[in-house]
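# A closer look at the structure
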Amino acid sequence: MTRVLIVEARFYPHISDALYDGAAHALDIAGVHSERLDVPGALEIPAAIKLTSGNYDGFVALGCVIRGETYHFEIVARESARGLMDLAVRDGLFIGNGILTVENEEQALMRARRDQLDKGGDAARACLALMALGGRGS
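The structure contained in this document is the topic of the report that follows. Fair warning: this is a prediction, and the values are worked out from it, not measured in the lab. (Residues numbered from 1 in each chain as written. Predicted model: local features only at pLDDT ≥ 70, side-chain atom pairs only at ≥ 80, totals over all residues. Heavy atoms only, no water.)

### Quick notes on the packing of aromatic side chains
The condition is simple: Within 6.5 Å between ring centres, the rings of Phe, Tyr and Trp (the latter by its six-membered ring) count as paired, and their orientation is classed by plane angle as stacked under 30 degrees, edge-to-face over 60, tilted in between. Summary of the burial criterion: residues with accessible area below 20% of their type's maximum are buried, those above 50% are exposed, and those between are partly exposed, where the area comes from a 1.4 Å probe applied to protein chains only. Charges are assigned to positions over rings by a cutoff of 6 Å between ring centre and Lys NZ or Arg CZ, combined with an angular limit of 35 degrees from the ring normal.
Going through the model one piece at a time under the given rule, you end up with two aromatic pairs. Ring geometry for F11 versus Y12: centroids 5.0 Å apart, planes at 80°, classification edge-to-face. Its relative accessible area of 58% is what places F11 among the exposed residues. With a centroid separation of 6.1 Å and 65° between ring planes, the pair formed by Y56 and F59 is classed as edge-to-face. The class of Y56 is buried, set by a relative accessible area of 13%. When the ring centre of Y20 is taken as origin, the NZ or CZ atom of R36, which lies over that ring, is 3.7 Å away.

Spatial relationships are all this shows, so hold off on functional conclusions.
Written out as structure tokens, the structure reads:
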């Protein structure tokens with residue numbers, strides 16, 4: 001059975017819950033077993049994926065980084081994306097990136113909700129597409 005781990009940054013719980021709803025729904029429709037792992041923030045997602053990489057066929061990274069008044073937004077957005085890309089390219093992991101990088105909460109919720117832009121579902125479908133390309137589909 002295909003197993004996918006959804007790694008979810010809980011810094012904005014209501015946003016990550018909406019992202020999770022879309023991701024879990026997309027994986028359920030595909031008939032893929034998924035598990036959920038919570039981490040504090042987006043920077044912890046790549047490490048969590050690396051630490052669990054031997055136990056799952058694919059990964060969905062979910063979280064949200066909202067621009068603030070400091071440079072921290074750029075660091076978190078860039079480094080979380082770089083970490084995920086390194087794991088995908090260097091280690092050959094199948095990862096759908098659903099970490100939102102937005103200006104405000106309104107943008108985040110529009111992108112997160114399944115009945116709107118459903119970026120969590122998009123990330124799950126990206127993971128499944130990469131798994132199929134790599135011969136690991138369900």
